[in-house]
Amino acid sequence: IGALALLIALLEGYPWLSIEQDALLDPVNPYSEMFSVINGGYVPLTNLDAKCTFSFAKTHITNNSASLGKFADYLGHGGRATVPCFKALVIQNITIQEGSSFDIEITYSFFYVNADNLRRHQTFHFRSIIAKDGVHHWQFIS
């Protein structure tokens, strides 16, 4: 019973990242939407990096990515930080088709232990859907 209690306590402390959509900076560019990442675990995360990957439906432009480097130094329990993907792609005179995709990969360290083999990552996948008014929204896939 003691070992099971210890295992449960360790799992509660393990970082569980979640992501929330926020403001849209440019209504004609769905890739300008801001996203916040939240640490649901009790172990603080440090040195958070972001990689944003864009794929456009019905075009020959696929798997464009931007590594944005460190966007947050520290993310404690319940802490949140804005992922800077909105800076990575500026769309002008391009029509975004429904079904385009957007991936956000967050790489992080556990409490300042920044060794490459100990860094972890989590990827969030989104797909573009169009509302009846023609505005694009991101549907969370996984």
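Model, not experiment: these values are computed from the prediction. (Residues numbered from 1 in each chain as written. Predicted model: local features only at pLDDT ≥ 70, side-chain atom pairs only at ≥ 80, totals over all residues. Heavy atoms only, no water.)

Student: What is the right way to look at the nonpolar core in this model?
Tutor: Nonpolar side chains in soluble globular proteins tend to be buried together. Residues Phe71, Phe102, Ile104 and Ile106 are the most contacted members of the largest nonpolar core, which totals 26 residues. Of all the elements in the fold, those that place two or more residues in this core are strand 1 (17–24), strand 2 (33–39), strand 3 (45–55), strand 4 (64–75), strand 5 (80–83), strand 6 (101–110) and strand 7 (120–130). Examining the composition of this core, we find that five residues originate from one element, strand 3, more than from any other. Not counting residues up to four positions away in its chain, the partners in contact with Phe102 are Tyr31, Phe35, Cys52, Thr53, Phe54, Cys85, Phe124, His125, Phe126 and Trp138. (Core = buried A, V, L, I, M, F, W, Y, C linked by side-chain atoms within 4.5 Å. Buried < 20%, exposed > 50% of the residue type's maximum accessible area, 1.4 Å probe, protein only. Helix = DSSP H or I, 4+ residues; strand = E, 2+ residues; numbered from the N terminus. Contact = heavy atoms within 4.5 Å.)

Student: Could you clarify how one ought to interpret the sheet that holds strand 4 in this entry?
Tutor: Pairing between the strands of a sheet comes from backbone hydrogen bonds, and it takes one of two forms, parallel or antiparallel. Ordered by their spatial adjacency, five strands build an open sheet running 4-3-6-7-8, and the pairing between neighbours is antiparallel. Only two strands of the sheet have a single neighbouring strand rather than two, namely strand 4 and strand 8 (136–140). In this sheet, neighbouring strand axes are inclined to one another by 25° on average, regardless of whether the strands run parallel or antiparallel. Pairing of strand 7 with strand 8 involves five bridges; the strand directions are antiparallel. Of the residues in strand 8, the one forming a bridge with Ile130 is His136. (Pairing = 2+ DSSP bridges. Axes fitted to C-alpha atoms, helices over the stretch in contact; angles between N-to-C directions.)

Student: Explain the pairing of strand 7 to me, please; I cannot follow it from the model alone.
Tutor: Looking down a regular strand, the side chains alternate between one sheet face and the other. Both strand 6 and strand 7 contribute to a ladder of eight bridges, which runs antiparallel. Considered in strand 7, the bridge of Tyr108 is made with Arg120. Between strand 7 and strand 8, which pair antiparallel and follow one another directly, the connecting turn spans five residues, one of which, Gly134, has a positive phi of 90°.

Student: Please explain the side chain of Asn47 as it appears in this structure.
Tutor: Within the secondary structure, Asn47 sits in strand 3. Look past the residues within four positions of Asn47 in its chain and what remains in contact with it is Lys70, Ala72, Asp73, Thr107, Tyr108, Ser109, Asn114 and Arg119.

Student: Looking at this structure, how should I read the state of the cysteines?
Tutor: Simply put, disulfide is the name for a covalent bond between the sulfur atoms of two cysteines. Counted according to the given criterion, the structure contains one disulfide. What pairs with Cys52 in a disulfide is Cys85, and their sulfur atoms sit 1.7 Å apart. Every disulfide takes its handedness from the sign of the S-S torsion; for Cys52 and Cys85 that torsion is -75°, giving left-handed. Taken as a pair, Cys52 in strand 3 and Cys85 in the loop between strand 5 and strand 6 lie far apart in primary sequence, 33 residues in all. (Disulfide = S-S within 2.5 Å.)

Student: Sorry if this is basic, but what is going on with the pattern of salt bridges here?
Tutor: It is possible for side chains bearing opposite charge to pair when their charged atoms get close. One pass over the structure, following the stated rule, counts three salt bridges. The salt bridge partner of Arg119 is Asp49, with a shortest N-O separation of 2.9 Å. Linking Arg119 in the loop between strand 6 and strand 7 with Asp49 in strand 3, this pair joins segments that are 70 residues apart in sequence. According to the relative accessible area criterion, Arg119 is buried, its value standing at 14%. Exposure remark for Asp49: the relative accessible area of 25% places this residue in the partly exposed category. (Salt bridge = Lys/Arg side-chain N within 4 Å of Asp/Glu carboxyl O.)

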